[in-house]
Amino acid sequence: MGKIALKRTSLYASGASPVNLLQARFYNEDCLVYDLEDSVPVQEKDAARLLVYNLVKYQRPTGKYVIIRVNGIYSEFIDEDLEAAVRARPDAIRIPKVEHGYEVQKIAARITEIEKAAGMEVGSTELWCNIESYMGVLNAREIAESDPRVVALALGAEDFTASMKASRTKASLEIFYARNAILMACRAAGVEAIDAVFSDINDVEGLKEDVKLTRNLGFDGKTVVHPRQVDVVNAAFTPSKKEINYALRVLAAIEEGKKEHKGAVTIGGDMIDKPMELRAQTTLAQARAAGINV
Amino acid sequence: MALNLKQTAVAGTMESSDVMVTVKPSSEPGLKIHIQSNVLTTFGDQIRAAVEEVMADFGISDAEVYLNDKGAIDCVIRARVQAAVCRASGEGFNWKGEDR
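K.L.:
Quick question: what am I supposed to make of the overall build of chain B here?
P.N.:
Secondary structure summary: chain B contains two helices and four strands in total. Reading the secondary structure of chain B in the N-to-C direction produces β-β-β-α-β-α. Seen along its three principal axes, the alpha-carbon backbone of chain B occupies a region of about 35 × 30 × 20 Å. In chain B, buried positions account for 34% of the 100 residues. When contacts within chain B are restricted to residue pairs at least 6 apart in sequence, those whose partners lie at least 24 apart make up 74%.

K.L.:
Hey, could you run me through the overall build of chain A in this one?
P.N.:
When helices and strands are counted, chain A shows twelve helices and ten strands. In terms of overall size, chain A behaves like a compact globule, its C-alpha atoms giving a radius of gyration of 19 Å where 294 residues would be expected to give roughly 19 Å. Once the C-alpha set of chain A is aligned to its principal axes, its extents read approximately 60 × 45 × 35 Å. Expressed as a percentage of its 294 residues, the buried residues of chain A come to 47%.

K.L.:
Looking at this model, I keep getting lost on the sheet that holds strand E6 (residues 150–155) of chain A. Mind explaining?
P.N.:
The pairing of strands in a sheet comes from backbone hydrogen bonds and takes either a parallel or an antiparallel form. Residues and elements named next belong to chain A. Strand order around the closed barrel formed by eight strands is E1-E2-E3-E4-E5-E6-E7-E8, with parallel pairing between neighbours. Shown here is a sheet whose adjacent strand axes are inclined to one another by a mean of 25 degrees, direction ignored. Relative to strand E4 (residues 92–95), strand E3 (residues 65–69) is paired through three bridges, and the arrangement is parallel. Across the sheet, residue Ile-68 finds its bridge partner in E4, namely Ile-93.

K.L.:
I would appreciate a short explanation of the interface of chain B and chain A in the present structure.
P.N.:
How big an interface is tends to be reported as the loss of accessible area on association of its parts. Listed by partner, the interface residues are 20 residues for chain B and 19 residues for chain A. Here the side of chain B that touches chain A gets seven residues from one element, more than from any other, and that element is helix H2 (residues 74–89) of chain B.

K.L.:
What am I meant to see in the pairing of strand E7 (residues 192–195) of chain A here?
P.N.:
Residue and element names in this part refer to chain A. Side chains of E7 alternate between two faces, with Glu-192 and Ile-194 and Ala-193 and Asp-195 buried alike. Across three bridges, the pairing between E6 and E7 is parallel. Directly across from Ala-154, in E7, lies its bridge partner Ile-194. As paired strands, E7 and strand E8 (residues 221–224) are joined by two bridges and run parallel to one another. When the sheet's bridge partners are listed, Ile-194 is paired in E8 with Gly-221. Note that the unit made of E7, helix H9 (residues 204–217) and E8 has a crossover that is right-handed.

K.L.:
I keep staring at the nonpolar core and nothing clicks. Help me out?
P.N.:
Proteins that are soluble and globular tend to have nonpolar side chains buried together. Counting 102 residues, the largest nonpolar core has Val-52, Ile-68, Cys-129, Leu-153 and Ile-182 of chain A as its most contacted members. Per-element tally for this core: the top contributor is H2 of chain B, with nine residues. Those residues in contact with Val-52 of chain A, other than ones at most four positions away along the chain, are Gly-15, Tyr-34, Leu-36, Ile-68 and Ala-88 of chain A. Counting six residues, the second-largest nonpolar core is a separate cluster that includes Ala-247, Ala-253, Ala-280 and Ala-287 of chain A.

Rules behind the numbers
- Residues numbered from 1 in each chain as written.
- Chains lettered and ligands numbered in written order.
- Predicted model: local features only at pLDDT ≥ 70, side-chain atom pairs only at ≥ 80, totals over all residues.
- Helix = DSSP H or I, 4+ residues; strand = E, 2+ residues; numbered from the N terminus.
- Buried ≥ 20, exposed ≤ 12 C-beta atoms within 10 Å, placed from the backbone.
- Contact = placed C-beta atoms within 7 Å.
- Rg over C-alpha atoms; globule rule 2.2 N^0.38 Å.
- Pairing = 2+ DSSP bridges.
- Axes fitted to C-alpha atoms, helices over the stretch in contact; angles between N-to-C directions.
- Right-handed = clockwise from strand over helix to strand, strands pointing away.
- Core = buried A, V, L, I, M, F, W, Y, C linked by C-beta atoms within 7 Å.

In C-alpha coordinates form, the structure reads like this:
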(Lines give C-alpha, C1' and ligand atoms only; values in the text may rest on other atoms or scores of the structure.)
Protein backbone atom coordinates (compact mmCIF):
# COMPACT_ATOMS: atom_id res chain seq x y z
CA MET A 1 0.00 0.00 0.00
CA GLY A 2 1.44 3.35 -1.04
CA LYS A 3 2.02 6.16 1.40
CA ILE A 4 -0.60 8.38 -0.20
CA ALA A 5 -3.43 5.85 0.18
CA LEU A 6 -6.59 7.64 1.22
CA LYS A 7 -7.62 7.34 4.83
CA ARG A 8 -10.63 9.67 4.87
CA THR A 9 -12.92 7.10 6.47
CA SER A 10 -12.21 4.01 8.54
CA LEU A 11 -15.33 1.94 9.13
CA TYR A 12 -15.53 -0.57 11.96
CA ALA A 13 -17.11 -3.97 11.26
CA SER A 14 -17.71 -6.44 14.09
CA GLY A 15 -15.59 -9.58 14.06
CA ALA A 16 -18.52 -11.40 15.65
CA SER A 17 -20.74 -11.10 12.58
CA PRO A 18 -19.98 -12.54 9.12
CA VAL A 19 -22.78 -10.53 7.52
CA ASN A 20 -21.43 -7.31 9.02
CA LEU A 21 -17.89 -8.11 7.86
CA LEU A 22 -18.95 -9.14 4.37
CA GLN A 23 -21.31 -6.20 3.77
CA ALA A 24 -18.85 -3.57 5.02
CA ARG A 25 -16.68 -3.96 1.93
CA PHE A 26 -19.47 -2.69 -0.33
CA TYR A 27 -19.53 0.84 1.10
CA ASN A 28 -17.17 3.62 0.07
CA GLU A 29 -14.91 3.67 3.11
CA ASP A 30 -11.17 3.95 2.43
CA CYS A 31 -10.18 1.80 5.41
CA LEU A 32 -12.07 -1.22 6.68
CA VAL A 33 -11.43 -2.11 10.31
CA TYR A 34 -12.12 -5.73 11.24
CA ASP A 35 -12.81 -5.44 14.95
CA LEU A 36 -11.83 -7.99 17.59
CA GLU A 37 -12.23 -5.62 20.53
CA ASP A 38 -15.31 -3.77 21.75
CA SER A 39 -17.86 -5.22 19.33
CA VAL A 40 -17.03 -8.83 20.20
CA PRO A 41 -18.41 -10.45 23.40
CA VAL A 42 -15.77 -12.09 25.60
CA GLN A 43 -17.13 -15.59 24.98
CA GLU A 44 -16.84 -15.09 21.20
CA LYS A 45 -13.25 -13.79 21.04
CA ASP A 46 -11.88 -17.15 19.85
CA ALA A 47 -14.44 -17.56 17.06
CA ALA A 48 -14.15 -13.91 15.95
CA ARG A 49 -10.37 -14.21 15.73
CA LEU A 50 -10.65 -17.22 13.41
CA LEU A 51 -13.40 -15.55 11.38
CA VAL A 52 -11.43 -12.35 10.84
CA TYR A 53 -8.27 -14.31 10.04
CA ASN A 54 -10.00 -16.37 7.36
CA LEU A 55 -11.88 -13.42 5.85
CA VAL A 56 -8.86 -11.12 5.64
CA LYS A 57 -6.57 -13.85 4.35
CA TYR A 58 -8.92 -15.47 1.82
CA GLN A 59 -11.61 -12.83 1.05
CA ARG A 60 -9.69 -9.60 1.33
CA PRO A 61 -11.55 -6.65 -0.22
CA THR A 62 -9.74 -5.00 -3.08
CA GLY A 63 -9.07 -1.27 -3.19
CA LYS A 64 -9.32 -0.80 0.56
CA TYR A 65 -6.77 -0.32 3.31
CA VAL A 66 -7.42 -3.29 5.60
CA ILE A 67 -6.97 -2.98 9.36
CA ILE A 68 -7.53 -5.42 12.21
CA ARG A 69 -8.23 -3.92 15.63
CA VAL A 70 -6.91 -6.28 18.27
CA ASN A 71 -7.80 -6.39 21.95
CA GLY A 72 -5.98 -4.23 24.50
CA ILE A 73 -2.28 -4.52 25.21
CA TYR A 74 -2.91 -5.82 28.73
CA SER A 75 -5.83 -8.10 27.85
CA GLU A 76 -5.65 -11.89 27.95
CA PHE A 77 -6.38 -11.95 24.21
CA ILE A 78 -3.56 -9.83 22.82
CA ASP A 79 -0.97 -12.59 22.20
CA GLU A 80 -3.28 -14.79 20.18
CA ASP A 81 -4.84 -11.78 18.44
CA LEU A 82 -1.39 -10.80 17.18
CA GLU A 83 -0.62 -14.37 16.04
CA ALA A 84 -3.79 -14.33 13.94
CA ALA A 85 -3.81 -10.71 12.83
CA VAL A 86 -0.22 -10.58 11.53
CA ARG A 87 -0.64 -13.86 9.63
CA ALA A 88 -3.84 -12.57 8.00
CA ARG A 89 -1.60 -9.91 6.36
CA PRO A 90 -3.70 -6.76 6.76
CA ASP A 91 -2.22 -3.38 5.88
CA ALA A 92 -2.22 -2.45 9.55
CA ILE A 93 -3.06 -3.55 13.06
CA ARG A 94 -4.91 -1.05 15.23
CA ILE A 95 -3.96 -1.12 18.90
CA PRO A 96 -6.49 0.23 21.38
CA LYS A 97 -5.78 2.39 24.41
CA VAL A 98 -2.10 3.09 23.83
CA GLU A 99 -0.58 5.25 26.56
CA HIS A 100 3.21 4.89 26.22
CA GLY A 101 5.80 4.47 23.50
CA TYR A 102 7.27 1.37 25.15
CA GLU A 103 3.92 -0.40 24.78
CA VAL A 104 4.10 0.10 21.01
CA GLN A 105 7.71 -1.09 20.92
CA LYS A 106 6.75 -4.26 22.77
CA ILE A 107 3.93 -4.96 20.31
CA ALA A 108 6.18 -4.13 17.34
CA ALA A 109 8.85 -6.56 18.58
CA ARG A 110 6.27 -9.32 18.88
CA ILE A 111 4.99 -8.56 15.37
CA THR A 112 8.54 -8.81 14.04
CA GLU A 113 8.88 -12.30 15.56
CA ILE A 114 5.61 -13.43 13.98
CA GLU A 115 6.49 -11.93 10.59
CA LYS A 116 9.79 -13.83 10.65
CA ALA A 117 8.12 -17.10 11.66
CA ALA A 118 5.51 -16.67 8.93
CA GLY A 119 8.10 -15.87 6.26
CA MET A 120 6.74 -12.35 5.80
CA GLU A 121 8.72 -9.23 5.02
CA VAL A 122 9.75 -7.74 8.37
CA GLY A 123 8.10 -4.36 8.86
CA SER A 124 5.28 -5.02 6.40
CA THR A 125 2.60 -4.78 9.10
CA GLU A 126 1.85 -1.14 9.91
CA LEU A 127 0.44 0.10 13.22
CA TRP A 128 -2.37 2.49 14.08
CA CYS A 129 -2.43 3.55 17.71
CA ASN A 130 -5.72 4.51 19.33
CA ILE A 131 -5.27 7.32 21.83
CA GLU A 132 -8.10 7.01 24.33
CA SER A 133 -6.96 8.52 27.63
CA TYR A 134 -5.38 11.65 29.06
CA MET A 135 -2.13 9.70 29.43
CA GLY A 136 -2.21 8.73 25.78
CA VAL A 137 -2.75 12.35 24.78
CA LEU A 138 0.07 13.54 27.03
CA ASN A 139 2.39 10.97 25.43
CA ALA A 140 1.07 11.26 21.87
CA ARG A 141 4.33 12.42 20.32
CA GLU A 142 6.34 9.71 22.10
CA ILE A 143 3.83 7.14 20.80
CA ALA A 144 3.83 8.52 17.25
CA GLU A 145 7.62 8.40 17.13
CA SER A 146 8.04 5.12 19.02
CA ASP A 147 8.45 2.76 16.05
CA PRO A 148 8.70 2.99 12.25
CA ARG A 149 5.63 0.77 11.95
CA VAL A 150 3.41 3.52 13.38
CA VAL A 151 1.64 5.27 10.50
CA ALA A 152 -1.36 6.81 12.26
CA LEU A 153 -2.78 7.91 15.61
CA ALA A 154 -6.54 7.83 16.10
CA LEU A 155 -8.40 9.66 18.85
CA GLY A 156 -10.99 7.67 20.80
CA ALA A 157 -13.16 10.38 22.31
CA GLU A 158 -15.54 8.38 24.50
CA ASP A 159 -12.83 6.69 26.59
CA PHE A 160 -10.74 9.87 26.57
CA THR A 161 -13.53 11.97 28.07
CA ALA A 162 -14.24 9.24 30.61
CA SER A 163 -10.57 9.30 31.67
CA MET A 164 -10.86 13.09 32.06
CA LYS A 165 -14.08 12.85 34.09
CA ALA A 166 -15.52 15.08 31.36
CA SER A 167 -18.92 14.95 29.71
CA ARG A 168 -19.14 14.06 26.03
CA THR A 169 -21.04 16.74 24.11
CA LYS A 170 -21.84 17.36 20.46
CA ALA A 171 -19.99 20.68 20.58
CA SER A 172 -16.90 18.64 21.50
CA LEU A 173 -15.04 21.40 23.34
CA GLU A 174 -13.99 18.74 25.84
CA ILE A 175 -11.85 17.04 23.14
CA PHE A 176 -10.54 20.20 21.45
CA TYR A 177 -7.18 20.05 23.21
CA ALA A 178 -6.83 16.31 22.63
CA ARG A 179 -7.57 16.73 18.94
CA ASN A 180 -4.87 19.37 18.59
CA ALA A 181 -2.34 17.55 20.75
CA ILE A 182 -2.72 14.41 18.64
CA LEU A 183 -2.55 16.40 15.42
CA MET A 184 0.67 18.11 16.45
CA ALA A 185 2.19 14.80 17.52
CA CYS A 186 1.27 13.30 14.15
CA ARG A 187 2.67 16.21 12.20
CA ALA A 188 5.90 16.10 14.21
CA ALA A 189 6.26 12.37 13.54
CA GLY A 190 5.08 12.51 9.92
CA VAL A 191 2.20 10.09 10.53
CA GLU A 192 -1.50 10.46 9.82
CA ALA A 193 -4.07 11.82 12.24
CA ILE A 194 -7.49 10.20 12.45
CA ASP A 195 -10.31 11.98 14.27
CA ALA A 196 -12.79 10.47 16.71
CA VAL A 197 -16.15 8.92 15.93
CA PHE A 198 -19.28 11.09 15.83
CA SER A 199 -21.50 8.77 17.83
CA ASP A 200 -25.04 9.86 16.91
CA ILE A 201 -25.58 7.91 13.69
CA ASN A 202 -29.00 9.54 13.15
CA ASP A 203 -27.72 13.14 13.26
CA VAL A 204 -26.40 13.78 9.76
CA GLU A 205 -26.31 17.58 10.16
CA GLY A 206 -24.36 17.19 13.40
CA LEU A 207 -21.91 14.89 11.64
CA LYS A 208 -21.45 17.43 8.83
CA GLU A 209 -20.60 20.15 11.36
CA ASP A 210 -18.28 17.85 13.27
CA VAL A 211 -16.35 16.64 10.23
CA LYS A 212 -16.02 20.22 8.96
CA LEU A 213 -14.07 20.94 12.13
CA THR A 214 -12.17 17.65 11.70
CA ARG A 215 -10.93 18.75 8.30
CA ASN A 216 -10.32 22.39 9.20
CA LEU A 217 -8.14 21.33 12.13
CA GLY A 218 -6.03 19.27 9.73
CA PHE A 219 -7.00 15.65 10.33
CA ASP A 220 -6.40 13.16 7.52
CA GLY A 221 -9.53 11.15 8.20
CA LYS A 222 -12.19 10.12 10.67
CA THR A 223 -13.35 6.87 12.19
CA VAL A 224 -16.98 6.01 11.44
CA VAL A 225 -19.21 3.48 13.16
CA HIS A 226 -22.04 3.21 10.66
CA PRO A 227 -22.07 2.90 6.87
CA ARG A 228 -24.42 5.89 6.54
CA GLN A 229 -21.63 8.13 7.89
CA VAL A 230 -19.15 7.11 5.18
CA ASP A 231 -20.27 9.28 2.27
CA VAL A 232 -20.78 12.35 4.48
CA VAL A 233 -17.23 12.14 5.80
CA ASN A 234 -15.73 11.34 2.39
CA ALA A 235 -17.50 14.39 0.95
CA ALA A 236 -16.08 16.62 3.67
CA PHE A 237 -12.59 15.53 2.69
CA THR A 238 -13.13 16.49 -0.95
CA PRO A 239 -10.55 19.18 -1.73
CA SER A 240 -11.54 22.66 -2.90
CA LYS A 241 -10.68 24.03 -6.34
CA LYS A 242 -8.00 26.22 -4.74
CA GLU A 243 -6.40 23.22 -3.01
CA ILE A 244 -6.46 21.20 -6.23
CA ASN A 245 -4.87 24.02 -8.21
CA TYR A 246 -2.13 24.43 -5.60
CA ALA A 247 -1.43 20.68 -5.64
CA LEU A 248 -1.17 20.74 -9.43
CA ARG A 249 1.25 23.68 -9.23
CA VAL A 250 3.42 21.84 -6.66
CA LEU A 251 3.65 18.71 -8.79
CA ALA A 252 4.25 20.70 -11.97
CA ALA A 253 7.08 22.62 -10.28
CA ILE A 254 8.67 19.34 -9.14
CA GLU A 255 8.47 17.95 -12.68
CA GLU A 256 9.97 21.13 -14.08
CA GLY A 257 12.75 20.96 -11.51
CA LYS A 258 13.55 17.38 -12.49
CA LYS A 259 13.78 18.32 -16.18
CA GLU A 260 16.14 21.15 -15.33
CA HIS A 261 18.12 18.94 -12.91
CA LYS A 262 17.44 21.33 -10.05
CA GLY A 263 18.16 20.04 -6.55
CA ALA A 264 15.44 22.20 -5.02
CA VAL A 265 12.34 23.87 -6.41
CA THR A 266 10.14 26.66 -5.06
CA ILE A 267 6.67 28.09 -5.52
CA GLY A 268 6.30 31.79 -4.71
CA GLY A 269 9.52 31.62 -2.72
CA ASP A 270 8.45 28.57 -0.66
CA MET A 271 10.74 25.58 -0.88
CA ILE A 272 8.91 22.40 -1.95
CA ASP A 273 9.90 19.43 0.17
CA LYS A 274 8.90 15.76 0.21
CA PRO A 275 5.92 16.17 2.61
CA MET A 276 4.52 18.90 0.33
CA GLU A 277 4.82 16.56 -2.64
CA LEU A 278 3.05 13.78 -0.73
CA ARG A 279 0.35 16.22 0.41
CA ALA A 280 -0.17 17.37 -3.16
CA GLN A 281 -0.49 13.78 -4.35
CA THR A 282 -2.95 13.07 -1.54
CA THR A 283 -5.02 16.13 -2.47
CA LEU A 284 -5.26 14.95 -6.07
CA ALA A 285 -6.03 11.38 -4.98
CA GLN A 286 -8.84 12.73 -2.76
CA ALA A 287 -10.16 14.80 -5.64
CA ARG A 288 -10.10 11.84 -8.04
CA ALA A 289 -11.79 9.63 -5.43
CA ALA A 290 -14.56 12.24 -5.25
CA GLY A 291 -15.01 12.04 -9.02
CA ILE A 292 -13.22 15.30 -9.86
CA ASN A 293 -11.34 15.16 -13.14
CA VAL A 294 -7.77 16.31 -12.44
CA MET B 1 -0.58 -34.70 16.12
CA ALA B 2 -4.36 -35.14 15.88
CA LEU B 3 -6.56 -33.15 18.23
CA ASN B 4 -8.62 -35.13 20.70
CA LEU B 5 -12.29 -34.12 20.83
CA LYS B 6 -13.40 -34.18 24.47
CA GLN B 7 -16.90 -32.75 24.32
CA THR B 8 -19.63 -31.45 22.06
CA ALA B 9 -19.07 -27.82 21.04
CA VAL B 10 -20.84 -25.22 18.92
CA ALA B 11 -19.61 -22.18 16.97
CA GLY B 12 -21.40 -19.72 14.71
CA THR B 13 -24.87 -18.24 14.67
CA MET B 14 -28.14 -18.51 12.75
CA GLU B 15 -27.63 -15.06 11.19
CA SER B 16 -27.59 -14.61 7.44
CA SER B 17 -24.19 -15.43 5.86
CA ASP B 18 -23.23 -17.51 8.90
CA VAL B 19 -23.34 -21.21 9.74
CA MET B 20 -23.92 -22.85 13.10
CA VAL B 21 -21.50 -25.74 13.45
CA THR B 22 -21.76 -28.48 16.08
CA VAL B 23 -18.85 -30.85 16.50
CA LYS B 24 -19.29 -34.07 18.52
CA PRO B 25 -16.72 -36.70 19.46
CA SER B 26 -17.58 -40.11 18.01
CA SER B 27 -16.56 -43.63 18.98
CA GLU B 28 -17.57 -44.82 15.52
CA PRO B 29 -14.89 -44.68 12.84
CA GLY B 30 -15.20 -42.05 10.14
CA LEU B 31 -16.37 -38.50 9.69
CA LYS B 32 -20.13 -38.03 9.57
CA ILE B 33 -21.18 -34.65 8.18
CA HIS B 34 -24.83 -33.55 8.38
CA ILE B 35 -25.71 -30.43 6.41
CA GLN B 36 -28.91 -28.41 6.60
CA SER B 37 -28.93 -25.65 3.99
CA ASN B 38 -31.21 -23.94 1.49
CA VAL B 39 -28.43 -24.26 -1.06
CA LEU B 40 -27.63 -27.92 -0.34
CA THR B 41 -28.33 -29.08 -3.90
CA THR B 42 -25.98 -26.52 -5.43
CA PHE B 43 -23.29 -26.16 -2.77
CA GLY B 44 -23.59 -29.31 -0.66
CA ASP B 45 -20.44 -30.91 -2.08
CA GLN B 46 -18.47 -27.69 -1.65
CA ILE B 47 -19.59 -27.30 1.98
CA ARG B 48 -18.73 -30.93 2.70
CA ALA B 49 -15.28 -30.51 1.09
CA ALA B 50 -14.55 -27.44 3.22
CA VAL B 51 -15.45 -29.34 6.40
CA GLU B 52 -13.38 -32.38 5.40
CA GLU B 53 -10.38 -30.19 4.65
CA VAL B 54 -10.49 -28.49 8.05
CA MET B 55 -10.97 -31.78 9.90
CA ALA B 56 -8.02 -33.26 7.97
CA ASP B 57 -5.88 -30.25 8.93
CA PHE B 58 -6.64 -31.04 12.57
CA GLY B 59 -5.93 -34.76 11.95
CA ILE B 60 -9.44 -35.71 13.07
CA SER B 61 -10.94 -38.70 11.30
CA ASP B 62 -13.67 -39.78 13.74
CA ALA B 63 -16.35 -37.20 14.57
CA GLU B 64 -19.85 -35.99 13.84
CA VAL B 65 -20.26 -32.52 12.39
CA TYR B 66 -23.64 -30.81 12.07
CA LEU B 67 -24.00 -27.64 9.99
CA ASN B 68 -27.04 -25.37 9.93
CA ASP B 69 -26.06 -23.15 7.03
CA LYS B 70 -27.51 -19.69 6.41
CA GLY B 71 -25.57 -18.96 3.24
CA ALA B 72 -22.02 -18.93 4.59
CA ILE B 73 -19.14 -18.68 2.14
CA ASP B 74 -16.25 -21.16 2.30
CA CYS B 75 -13.95 -19.19 4.55
CA VAL B 76 -16.75 -18.55 7.07
CA ILE B 77 -17.48 -22.29 7.13
CA ARG B 78 -13.78 -22.99 7.68
CA ALA B 79 -13.60 -20.45 10.52
CA ARG B 80 -16.68 -21.82 12.27
CA VAL B 81 -15.52 -25.46 12.02
CA GLN B 82 -12.09 -24.45 13.32
CA ALA B 83 -13.68 -22.64 16.27
CA ALA B 84 -16.01 -25.54 17.08
CA VAL B 85 -13.14 -28.08 16.95
CA CYS B 86 -10.93 -25.93 19.20
CA ARG B 87 -13.79 -25.60 21.68
CA ALA B 88 -14.53 -29.34 21.55
CA SER B 89 -10.89 -30.22 22.15
CA GLY B 90 -10.19 -27.50 24.71
CA GLU B 91 -7.06 -26.59 22.73
CA GLY B 92 -6.06 -23.24 21.25
CA PHE B 93 -5.62 -22.87 17.49
CA ASN B 94 -2.11 -23.74 16.27
CA TRP B 95 -1.21 -20.49 14.47
CA LYS B 96 2.31 -21.67 13.68
CA GLY B 97 0.68 -24.45 11.65
CA GLU B 98 -0.57 -21.75 9.26
CA ASP B 99 3.05 -20.97 8.31
CA ARG B 100 3.48 -24.28 6.47
